[in-house]
Structure formats: C-alpha cells, structure tokens
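# Fold and contact review
Chain by chain, the residues:
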Amino acid sequence: MKITVFGSGYVGLVTGACLADVGNQVMCMDVDQAKIDKLKQGIIPIYEPGLEEMVKDNMLAGRLQFTTDVKEAVDFGLFQFVAVGTPPDEDGSADLKYVLAVAKSVAEHMTDYKIIVDKSTVPVGTADKVKQTVLDELAKRGETLEFDVVSNPEFLKEGSALDDFMKPDRIVIGTDNPRTAELLKALYAPFNRSRERVITMDIRSAELTKYAANAMLATKISFMNELANLAERLGADIEHVRHGIGSDSRIGYSFIYPGCGYGGSCFPKDVKALERTAKEMGYHAELLSAVENVNDRQKHRLFEKISAHYPDGVQGKTFALWGLAFKPNTDDMREAPSRVLIDALTAAGATVQAYDPEALHEARRIFGDKAGLMYCEKQADTLQTADALIIVTEWKQFRSPDFDALSRSLSDKVIFDGRNMYEPKFVKQAGLRYYAIGR
Ligand SMILES: NC(=O)c1ccc[n+]([C@@H]2O[C@H](COP(=O)([O-])OP(=O)(O)OC[C@H]3O[C@@H](n4cnc5c(N)ncnc54)[C@H](O)[C@@H]3O)[C@@H](O)[C@H]2O)c1
Ligand SMILES: O=c1ccn([C@@H]2O[C@H](COP(=O)(O)OP(=O)(O)O[C@H]3O[C@H](CO)[C@@H](O)[C@H](O)[C@H]3O)[C@@H](O)[C@H]2O)c(=O)[nH]1
C-alpha cells in the first residue's frame, strides 16, 4: 500500500519505517528541511534503538522516501498519516496548528480519495475540525472530493518504539465509516497476526482513549510518588511496598516505580490537555490536577534531599550527575526531571558534572554554556573532584557501579538516587550515605 506520513519526529519516523519494513511504500514528509536533508543521507535526528538500521534498510530497498514537497507527499499515499506535534498552548490545551496545517495541505493538493489518519495526540473533537478544514479548502477550490478522517492514536514508548509499534498491545481505530475501518485493518494486518489487536470504535472515543491511557499511567506514577513521600515519614521502604502491591494482579508491577517525577513529551502535556478539556466542558477534573501537582513537586524532591543533607547550602559543591534524558534509551530531554535539578543546583552555586549515554548533545542544545554546568563525555569523568553523586535516569550502565571506588572518589561519600537503583545495604557497606526516594 502507499502511505504518506506528515511529521518525521519520534512518531512519524517510527511509523514510516515500520510500515515500510512490512513491505509498504512510504513517503515521510516534514517541513524541517535540515531534518529531511539528513534523513535522505541516512542520518537519524533522534536516538531510538534499532531505528537507524531500519530506516537505512528500507531506504536502500526503495520502500522509504523523504520529502519536504507537500504536493509530492499528498499525491503519494492513499493513507495520509498525521504525526506532527501537538504541544501545549499557554493555557495547557493542545495546540492544533500543526495538525490543521497538514489538513489544509492535504485539501489543497488532493485530486482523489484520501484517508487522513490522525496519529498525533489530539483532544476530542479534533477530527471534526480536520474534516471542516478539508471541506473549507476543497470548497475554495470548487472541488467535492471524497475523503475520510480516522483517529488512530499511537501508544509507542520512546526507547522501545520499534517493538511497541511492531507488537502493539492494541491498535485503536476510530472511524464512522466501516469501509475505512476495513482498509485500516488491512494496513495493520502484519502487526495483528498472533492475536486480534484491532479495536474499532467511534472517533471521539478513540481520541479520548489516548488521553485516558496516558492519564491512567501518570496517575499510577504520581500515586506511588505520593506514597513514597509518606513512606519516608513513616520509616517504611516504598520498594517493599511496591513489591507488596504489584504482586496483586489487579494492580500489577508496571508503572508503579517511584522516582524523581515523570517527564517526556507526553505525560506532562497530555494530563494538562485533558484537564483543560474537562474545564472547557465545565467539569473540574480534580484527580488530574492532583496528578500534575504531585509530579511537579516530585521533580524538586532530589534537590530538597540534597539541600537537607547540606544545611549550609551547596555553594562550591561539585556534583556528578548521571542521566539527563527523561528516561533511558532515548536522547529526549523534554520535561526531563534533570532540567529542574540542574537549574536548582546551578542557581544555588553548585557545579554539576553531567553525563548521559545519548542526551549530551540535547543538553548542550538546551543549556548551552550554562554557568556551573559541565558536560562529561565519559561517565568516569563526572567523578573527578566530585563531592557527591546524583542519579536521575536509570540507564542500564548505571546499575552496578563499584561502590568502593565511588566511596574513594566522592569527597562527601554520598549518593542521591532519584530512581532507587541500588540495594541500600550494598551502598552503605562501602561507607557511603545513600538517599533514595521513599526509603
Ligand atoms: N513521542 C512519543 O513518544 C509519542 C508517542 C505517542 C504519541 N505521540 C504524539 O505524536 C505527536 C508527534 O509527537 P513527536 O514526539 O513525534 O513530535 P516531534 O516533535 O518529534 O515531531 C513532529 C514533527 O512534525 C514536523 N511538522 C510540523 N508541522 C508539519 C507539517 N505541517 N507538515 C509536516 N511535518 C510537520 C516537525 O518539523 C517535527 O519534525 C504528538 O501529538 C505526540 O503527543 C508522541
Ligand atoms: O513506573 C514508572 C514508569 C515511568 N516513569 C516515568 O514516566 C515517564 C514516561 O515514561 P514512559 O511512559 O516509559 O515513556 P514515554 O515515551 O513518555 O511513553 C508514554 O507516552 C507516550 C506518548 O503519548 C505513549 O505513547 C506511551 O504509551 C506512554 O507510556 C518517564 O519520565 C519515566 O521515568 C516513572 O517514573 N515510573
């Protein structure tokens, strides 16, 4: 089948590559000329395990192309996937300008039937706005071409995006047209072999399903962070509590890891946008605003612990900081807890020697020559003249450090762990103080 994907970011590029990988002809379109120029040379603008190989293989096989030419893109595919950003507006609502710009482009150039498939995370009612935009543009052209708008939200996680796309838990298809549902099912058949994964529903329910999933996951995390803060005050260990409740299959082990707050491009913005949608409907979504507030507070937790350990302040102290990305296996630092911590530490006069296996370039782009922040190319370099170690992201390579060596390196012999990576006993045996979350 022939597919166009608008937007070549985390979602668009993964969608395009995976659809090409199962034999489709795919054209990825982006307005960012520099990004497309790089992609044409096989240079991938983001770090996502396996993506570079998949993109290159499919380009070589002639199944995956890139363009900035809107007309070429619209002409190409029967399916016109929309995978552009929906960043938060000033009031927290999702900004639809990129989505509607794509709708306008499609309508300006289409000459036959198209299926516009929305993969971007958009508020309920967006498909209606997309439809109206297309109708208005077609009317301007004096055309009455047929088209459909489908909501097909994406649930992939950064860091495991290819796997999530290839073996999804579910494929949600929101449409009011049974014929379109069948076409989408055929397109997704290669990802639907071992069991039935396609769930079809009306468009508004599909749009809401995406926000419901993210809000539920964010709620689990904020709930655990709230309990972690309580556990500290009660002399309990949240890690034991996590095992204790996770073993109940009704609760489950996933997404109940306490930490220094959730980040990324999705949870923070989607919880806010859903809250905003509720407000527009005259409903105060109390739980959602609590989820958000707990998370905002949690991002300051590490700094609070550090400040409590250093009652005279951190001025003149040097911290080794491991992990800048909002989670492991990505270079994405959108809404990353590390950003809040680096700002707080440097503002208080500390020096931060930061390392991340993939996100250093992104940190440089965000912070530039920020006073007090030093970028370390090697994990070991962070420890030179460091007083203490802070862990913000749970990359695999941070799991098993030599605690005795750390004890010799760190002048103040202390670790602040925002991801509860270590068994406290082993850290303490090496003569180190160990602060974690909720224990
Ligand atoms: N990142 C994720 O893990 C993830 C997962 C599921 C859903 N989503 C949702 O998917 C959407 C895209 O997210 P992302 O992280 O891939 O964003 P991104 O910022 O990485 O990529 C968006 C791309 O769209 C391009 N773009 C903007 N306007 C365009 C236009 N008119 N035509 C073509 N390209 C255009 C931008 O240049 C950019 O390259 C968002 O709504 C997001 O909430 C993201
Ligand atoms: O138990 C947990 C699990 C995650 N996190 C944090 O939560 C954030 C988000 O993690 P994750 O969900 O793994 O990454 P994303 O790539 O943001 O994926 C989420 O957001 C995407 C965009 O909407 C959705 O498609 C995915 O299904 C949804 O998991 C990160 O900061 C994690 O550190 C925790 O603190 N505790």
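Reading the values: rules and limits
- Residues numbered from 1 in each chain as written.
- Chains lettered and ligands numbered in written order.
- Predicted model: local features only at pLDDT ≥ 70, side-chain atom pairs only at ≥ 80, totals over all residues.
- Heavy atoms only, no water.
- Salt bridge = Lys/Arg side-chain N within 4 Å of Asp/Glu carboxyl O.
- Helix = DSSP H or I, 4+ residues; strand = E, 2+ residues; numbered from the N terminus.
- Buried < 20%, exposed > 50% of the residue type's maximum accessible area, 1.4 Å probe, protein only.
- Pairing = 2+ DSSP bridges.
- Right-handed = clockwise from strand over helix to strand, strands pointing away.
- Expected span 1.5 Å × (residues − 1).
- Arc of directions from axis to C-beta.

What follows is about the pattern of salt bridges. Counting across every chain of the model gives 33 salt bridges. For aspartate 75, the salt bridge goes to lysine 71, with nearest N and O atoms at 2.9 Å. Here aspartate 75 and its partner lysine 71 are both found in helix α4 (residues 70-76), four residues apart, which amounts to about one turn of the helix. On the accessibility criterion, lysine 71 (40% relative accessible area) is partly exposed. Between arginine 365 and glutamate 362 there is a salt bridge whose closest N-O contact spans 2.7 Å. Residue arginine 365 and its partner glutamate 362 are located together in helix α15 (residues 360-367), separated by three residues, close to a single helical turn.

Before going further, it helps to spend a moment on the pairing of strand β12 (residues 388-391). Burial of the side chains of β12 extends over both faces: Ala388 and Ile390 are buried on one face and Leu389 and Ile391 on the other. Across three bridges, β12 lies against strand β13 (residues 414-417) in parallel orientation. Bridged to isoleucine 391 within β13 is aspartate 417. One crossover worth recording links β12 to the parallel β13 by way of helix α16 (residues 403-409), and it is right-handed.

What follows is about helix α6 (residues 126-141). Between the first and last C-alpha of α6 there are 23 Å, a value that for 16 residues agrees with the 22 Å anticipated at 1.5 Å per step. Within the sequence span of α6, burial applies to Thr126, Ala127, Val130, Thr133, Val134, Glu137 and Leu138. Taken around the axis of α6, the buried residues stretch over an arc of 130°, which confines them to a single face. Opposite the buried face of α6, by more than 90 degrees, sit the exposed residues Ala139 and Lys140. Residue glycine 142 follows α6 closely and has a positive phi angle near 70°.

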